[in-house]
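For reference, the chains in residue letters:
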Amino acid sequence: MKSKILIIDDEENIRFGFEMILADQGYDVMTAIDYDSALKIISDKEPDLIISDIILGGHTGIDLLHEIKTRKLHCPVIMITGEPNIETSTDAVRLGAFDYIPKPIRKETLLRITSHGLQHKKLLDTKIELEADNLRVRHNMEAIFRSLKDGVVTVDEAFQVIEANEAVKDICRFPVKDITGKNFEEIQTGCSKSCINVLKETLKTKKTINEFRIECRHPEKPRQIVLLTGSPLRHNGIKSLGAVLVVRDITRLTNLERDLKERHHFHRIIGKSHRMQKIYAILENLSDTDSTVLITGETGTGKELVAHAIHHNSTRKGKPFVKVNCSALSENLLESELFGHVKGAFTGAVKNREGRFQMADQGTIFLDEIGDVSPLIQLKLLRVIQEKEIERVGDSTPMKIDVRVIAATNCNLKEKIKTGAFREDLYYRIKVVDIPVPSLSERREDIPLLINHFLGIFNTRFKKQINGLSNEVVTAFMNYPWPGNIRELEHTMEHGFVLCQGQTMLFDHLPVEIKEYSGTQKPVRSGKKSVNKDDILNALEKAYWNKSQAARLLGIGRRTIYRKIKEYRIVNPMK
C-alpha cells in the first residue's frame, strides 16, 4: 500500500513541485492550500506524513500541531518556513513536530526527510500495535487471573509481593491491597505461614515445588488444608524475576477422602476400628503443632507406636526421637539420665554426660510411664516444659533446649493427683492433647488385621510359609480377653510359629492359658436345634458385632446369619 503524504502550503509552485517529486517516488500525494482544507483531508484520508508551511493564512503550523495532538493522531509533521526563528522552532518541536527545516528545500533534502518521517511513522505504528497487543494480552491475563479459584501470589527476588488475585482473599483471609508491595514474610496473616518456606525454597533453588500439602491453621479456618505449588518467575526463560505461589484449597476433598477411605493403618499402627480411626484423625491434627501429648492406655496397647507416629508425622521427623522409660530407673539415675550431669556432680561422675533432653534437641522426647516418676523429677519436668531449659546435675547454669514432649502412662493420673502422688500442674502441662489408646478387647474387629500383620512379620523371621489360622484358633482369639493386649497377641503368634510345622496354625499350637480359657467358654447355642434372635444377639455381642465370627460361634454359615439379622431386624447399637 502506498504511503499517503499531505502537502500544506499557500504557494502553488511549492505544492506542485513537492507533489511531482514525491509522486515520482511512488507516494500517494495530497495537497491543501490552507488550514481548513488540510483538516478536511486529515479527517477523510488520515495521511501517514504531513509536510506543512508554518504560515497557513489565519492559522499557523503550530495550530495544526495542536489539532493533531488533540485528535491523538500519530502521523509525523515536518514544518517548513521561509523565515525561521528560535521561538517557532522551539514551539514546533515541543508540540511534536518531527522536523523543522527552512526554505528553499532541495530535492535530496525533501526525499531524505520524507523517508525518515515515514520510517518513524512505521515505528510508531508498530509500537502502537505492540502496545495494543500487550494491553489485550494483559486484559485477558487479568481476566483469567481474576477468574481463578486458586489463590496466586507473585513475589520478586526481594520477597516483595508484586501481585495477587482475589482468590487469595477467600483462601488466605487478607485483602490483596493490604499485601501488594509489602514483604511477604512480614505480612500479618494470622495463619501458620507454612507457605513462606515453599516460596523461599523456590527462590533459592529456582526450581518448581509441586503440590506441597499444609494445614493453614487460620483462626477463621482452623481445619483448612491447601496444596501449594511454587514456580520460578523468569523473563525470556532466563533472567529470574521472583516466584509464583499457587494456593489450592483442598479441605473439602481431603475430608471426603478421609470419610470415604477406611484406613487400616497409620505409620506403623494397625487397626480399622472406629476407635482407631479417631486416633488417626487426632494424629493428623497434631502434624503441624508442637503441643505436648499424653498417651494413656494399658500395657501392651502400642503407646510407643503412637508416639513414633506423632514424631514422624510432624515437622521434627528428621530430628532425634529419644525414649526414656521413667519406671526403670531410680530418682538419682533418672535425673542424670534426663538432664545430664557435669564431672564431679556425684560419686562416679568422672566426666560430663549429655542428658536425654539434650540428645532430643530439635526433636521429640518420649517419657514412657511418666506416672512412676518421683515428686522431685516431676518438679524438674514441669520447669523444663514451662521454661524450655534444663539444668544438668551439678551445674546451676540453665541450658536452652527445643524439644517436643510426649508422655505415656498406664496409670490413672487423676487418681494419683487425688492421693498427692502426682502434681496436678504437671498433669495439665503434659495433657494438652490426650490420646487414650483402647485395649485389644475394646477393638476386637482389629484382631484379623493384626493377625495378618504378624503373619507377614513371622513368616519372614522364621522363613516359613504359614498361610493362616484355623477357625478354632480364630474363634479362640476373638473370645480371649487379651489382658496383655497387642503385645500378648504378638507373643502368642510367635509361640504358634515356633510350634507350627505346616501351613495352618492349629489350636494345639496356642499357649496353655488361651487353650484353657477357650475350654471354659460355653457354646452359645447350648445344643438348641434352631437359632433364635437372642442366640444371634448373644453371639454378636461376644464377637463384638463381627458377623463372620458370630456365625462361627453359632455354628452356622455367613449367609444364614445375615439372613437372620435381616429377618429379626437386628441393629448394631454401637453404630
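So, how was this worked out
- Residues numbered from 1 in each chain as written.
- Predicted model: local features only at pLDDT ≥ 70, side-chain atom pairs only at ≥ 80, totals over all residues.
- Heavy atoms only, no water.
- Buried < 20%, exposed > 50% of the residue type's maximum accessible area, 1.4 Å probe, protein only.
- Helix = DSSP H or I, 4+ residues; strand = E, 2+ residues; numbered from the N terminus.
- Pairing = 2+ DSSP bridges.
- Axes fitted to C-alpha atoms, helices over the stretch in contact; angles between N-to-C directions.
- Contact = heavy atoms within 4.5 Å.
- 1 Å grid on protein atoms, 1.4 Å probe; cavity = no way out; pocket = protein on both sides within 12 Å on 5 of 7 lines; lining within 4 Å.
- Points joined across faces, edges and corners; volume = space filled by probe spheres on them.
- Nonpolar A, V, L, I, M, F, W, Y, C, P; charged D, E, K, R; others polar.
- Salt bridge = Lys/Arg side-chain N within 4 Å of Asp/Glu carboxyl O.

Draft legend 1. Focus on the pairing of strand E19 (residues 364-368). With five of five residues buried, E19 lies mostly within the body of the structure. Residues Thr364, Phe366 and Asp368 of E19 are buried on one face, and the alternating residues Ile365 and Leu367, pointing to the opposite face, are buried as well. As judged from the five bridges shared by strand E16 (residues 321-325) and E19, these two strands associate in the parallel manner. In the strand pairing of E19, Val322 is matched with Ile365. Strand direction decides the pairing type here: E19 and strand E22 (residues 404-409), joined by four bridges, are parallel. The partner of Phe366 across the bridge, within E22, is Ile406.

Draft legend 2. Representation of the sheet that holds strand E12 (residues 239-249) within the structure. The five strands lie next to each other as E9-E8-E12-E11-E10, forming an open sheet whose pairing is antiparallel. Single-partner strands in this sheet number two, and they are strand E9 (161-164) and strand E10 (209-215). Direction aside, the axes of adjacent strands within the sheet are offset by 25 degrees on average. As defined by bridge partners, strand E8 (residues 151-156) adjoins E12 across six bridges and the pair is classed as antiparallel. By the bridge assignment, Gly151 is partnered in E12 with Val247. Packed on one face of the sheet, helix H7 (residues 195-205) meets E8, E10, strand E11 (225-235) and E12 and runs near 150 degrees to E12.

Draft legend 3. Geometry of empty space enclosed by the protein. A complete count under the given rule lists two cavities of 30 Å³ or more for this structure. In terms of lining residues, the largest cavity is bounded by 19 residues, among which Cys172, Phe174, Cys191, Cys195 and Cys216 are the most central. Residue assignment for the lining of the largest cavity shows that the elements contributing at least two residues are helix H6 (167-172), H7 and E11. Its residues assigned to classes, the lining of the largest cavity shows twelve nonpolar, five polar and two charged. Its volume calculated, the second largest cavity comes out at about 60 Å³. Lining the second largest cavity are Thr292, Phe357, Val384, Ile385, Lys388, Ile401, Val403 and Val405. Broken down by class, the residue content of the lining of the second largest cavity amounts to six nonpolar, one polar and one charged.

Draft legend 4. Local environment of the pattern of salt bridges. The tally for this structure, following the rule as stated, stands at 24 salt bridges. The partner of Asp125 in a salt bridge is Lys121, and the shortest N-O contact between them spans 2.8 Å. In this pair, Asp125 and Lys121 are both assigned in helix H5 (residues 107-147), four residues apart and thus about one turn of the helix distant. The exposure class of Asp125 is partly exposed, given its relative accessible area of 34%. Taking the shortest distance from any N to any O, the salt bridge between Arg423 and Asp425 comes out at 2.9 Å. For Arg423, a relative accessible area of 30% gives the class partly exposed. For Asp425, a relative accessible area of 33% puts it in the partly exposed group. Salt bridges sharing common partners tie together Asp9, Glu11, Asp53 and Lys103.

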